[in-house]
Amino acid sequence: SALLSMKRPEEALRLCERAIQLKSDFPEAYNNLGGALRRLGRYTEAVGAIENALRLRPDYAAAYSNLANILLGNNQTAEAITYCDEAIALDPQLVEAHEQRGGALVKLGRPDEAVPSLVRVLELAPDFDYAAGALAGARMACCDWADYEASRDRIVAGVEAGKAVVQPFTLL
């Protein structure tokens, strides 16, 4: 997982495969393997790795979220929402699943349904990258101006502080 965040998926892949050789019933290794394979664009193999993690541990919320992320990267947006919902049902505090769900709903042209998920992201993790901008964009897309000033102020303050609060040019 740390190697993936450092953008070293090949090394992560090797270490996950080695961990699985040493302990074949290690769901976290399969989950991380899926993430590495996704980063390398090997989506079918990534799905298989996550499915192995879920066979070993059916209540593994992070694996459902990882599977949703893989499906989103493969433009299987509607199916990804199902896995986001499963992850959230298992772990309502899993920020990534709420963020993925909100983004998927926006992508499907359902910003009104995305707003509660994106609000939840900011409740759980106020500095979650790009969440403030995603929420503002979803609200604007459904003409919800009730929180406009607070959203604008949050985004401006975040940009001034050097935080990743909005994707460049998305709100212009």
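Only a predicted model underlies this, so the values are computations on that prediction, with no experimental measurement involved. (Residues numbered from 1 in each chain as written. Predicted model: local features only at pLDDT ≥ 70, side-chain atom pairs only at ≥ 80, totals over all residues. Heavy atoms only, no water.)

Before going further, it helps to spend a moment on the side chain of N66. By the element assignment, N66 lies in helix 5 (residues 61–73). Here the side chain of N66 touches N31 through a polar contact of 2.9 Å, landing on its backbone oxygen. (Helix = DSSP H or I, 4+ residues; strand = E, 2+ residues; numbered from the N terminus. Polar contact = N/O pair within 3.5 Å; in protein donor to acceptor, adjacent residues only side chain to side chain.)

Next up on the list: unusual backbone geometry. Positive phi, normally seen in glycine, also occurs at N75, with a value near 55°. Its location among the elements puts N75 in the loop between helix 5 and helix 6 (77–90). Classification of N75 as exposed rests on a relative accessible area of 59%. (Buried < 20%, exposed > 50% of the residue type's maximum accessible area, 1.4 Å probe, protein only.)

Once that is clear, we can look at the nonpolar core. L33, L37, I50, L54 and A63 are the most contacted members of the largest nonpolar core, which has 42 residues in total. Of all the secondary-structure elements, those providing two or more residues to this core are helix 2 (9–22), helix 3 (27–39), helix 4 (43–56), helix 5, helix 6, helix 7 (95–107), helix 8 (111–124) and helix 9 (131–141). For this core, the leading source of residues is helix 5, giving eight residues. Not counting the four nearest positions on each side in its chain, L54 is found in contact with Y60, A63, Y64 and L67. By size, the runner-up hydrophobic cluster in this structure holds five residues, among which are A132, A136, V165 and V166. (Core = buried A, V, L, I, M, F, W, Y, C linked by side-chain atoms within 4.5 Å. Contact = heavy atoms within 4.5 Å.)

This brings us to the packing of helix 7 against helix 8. At their nearest, the axes of helix 7 and helix 8 sit 8 Å apart, and the two run at 155° to each other. In terms of their interaxial angle, helix 7 and helix 8 are classed as roughly antiparallel. As for the relative orientation of helix 7 and helix 8, their crossing is left-handed in sense. Two secondary-structure elements touch here, helix 7 through V95, H98, E99, R101, G102, G103, L105 and V106 and helix 8 through P111, E113, A114, S117, L118, R120, V121 and L124. Of the residues in the contact of helix 7 with helix 8, the class split is eight nonpolar, four polar and four charged. (Axes fitted to C-alpha atoms, helices over the stretch in contact; angles between N-to-C directions. Parallel < 35°, antiparallel > 145°, perpendicular 65-115°, else oblique. Left-handed = near helix turned anticlockwise from the far one by under 90°. Nonpolar A, V, L, I, M, F, W, Y, C, P; charged D, E, K, R; others polar.)

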